[in-house]
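Chains, contacts and geometry: an overview
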Amino acid sequence: MKKIINDPFAVVDEMLEGIILAHSAKLRLVGDDKRAVVRADAPVAGKVGIATGGGSGHLPVFMGYVGKGMVDGCSIGNVFSSPTVDQMVAATRAINSGAGVLFLFGNYGGT
């Protein structure tokens with residue numbers, strides 16, 4: 001199987017840009033490094049925001065949970081790496097409507 005990768009150091013950012021281009025009506029990127037994906041309509045008034053995060057090893061799987069009736073935001077780390085504190089803060093700020101934010105996480109060995 002072949003892959004098309006322009007620059008191995010930019011693969012995660014380029015993948016996120018492509019996903020946002022394809023789904024800009026539902027998702028948007030936030031944060032200084034654009035590594036937090038949130039619902040396009042976030043924050044939702046009166047709703048407790050729900051955030052998750054993960055690495056980009058097999059695609060950023062956790063990002064697939066962002067949407068209506070699911071989580072409100074997801075921070076995206078590098079390949080097989082946990083997201084940074086700044087990425088989690090960006091997602092949290094973007095989805096916080098004042099009703100609080102619940103954090104969900106998986107138990108994995110990210111660094």
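This report concerns the structure included in the present document. Not measured: the values here are computed from a predicted model. (Residues numbered from 1 in each chain as written. Predicted model: local features only at pLDDT ≥ 70, side-chain atom pairs only at ≥ 80, totals over all residues. Heavy atoms only, no water.)

Structural notes on the sheet that holds strand E2 (residues 36–39)
Spatially, the five strands line up as an open sheet ordered E1-E2-E4-E3-E5, and their pairing is mixed. Among the strands making up the open sheet, the edge pair consists of strand E1 (27–30) and strand E5 (101–103). Across the sheet, the axes of successive neighbouring strands diverge by a mean angle of 25°, strand direction being ignored. Running over the sheet, helix H1 (residues 11–22) touches E1, E2 and strand E4 (73–76) and is turned about 145° from E1. The strands touched by helix H2 (residues 85–95) within the sheet are E1, E2, strand E3 (49–54), E4 and E5, with E2 carrying the most contacts at an inclination of about 15°. (Pairing = 2+ DSSP bridges. Helix = DSSP H or I, 4+ residues; strand = E, 2+ residues; numbered from the N terminus. Axes fitted to C-alpha atoms, helices over the stretch in contact; angles between N-to-C directions. Contact = heavy atoms within 4.5 Å.)

Section: the pairing of E1
Sheet analysis places E1 next to E2, joined by four bridges and oriented antiparallel. Counted as the bridge partner of Val30 is Ala36 from E2. Taking the residues between adjacent antiparallel strands as the criterion, E1 and E2 are bridged by five residues, where Gly31 takes a positive phi near 95°.

Brief notes about the pairing of E4
The alternating pattern of E4 places Gly73 and Ser75 on one face and Cys74 and Ile76 on the opposite face, and all of these are buried. Across three bridges, the pairing between E2 and E4 is antiparallel. By the bridge assignment, Val38 is partnered in E4 with Gly73. In this structure, E3 lies alongside E4, joined through four bridges in parallel fashion. Within the sheet, the bridge partner assigned to Gly54 lies in E4 and is Ile76. (Buried < 20%, exposed > 50% of the residue type's maximum accessible area, 1.4 Å probe, protein only.)

Considerations on unusual backbone geometry
Residue Pro43 is reached from Ala42 by a cis peptide bond, and omega for that bond is 0°. Looking at the element boundaries, Pro43 is found in the loop between E2 and E3. A positive phi angle, near 55°, is found at Lys34, a position not held by glycine. Relative to the assigned elements, Lys34 resides in the loop between E1 and E2. Residues other than glycine seldom take positive phi values, yet Phe80 does so here, at roughly 55°. Relative to the assigned elements, Phe80 resides in the loop between E4 and H2. Given a relative accessible area of 55%, Phe80 falls into the exposed group.

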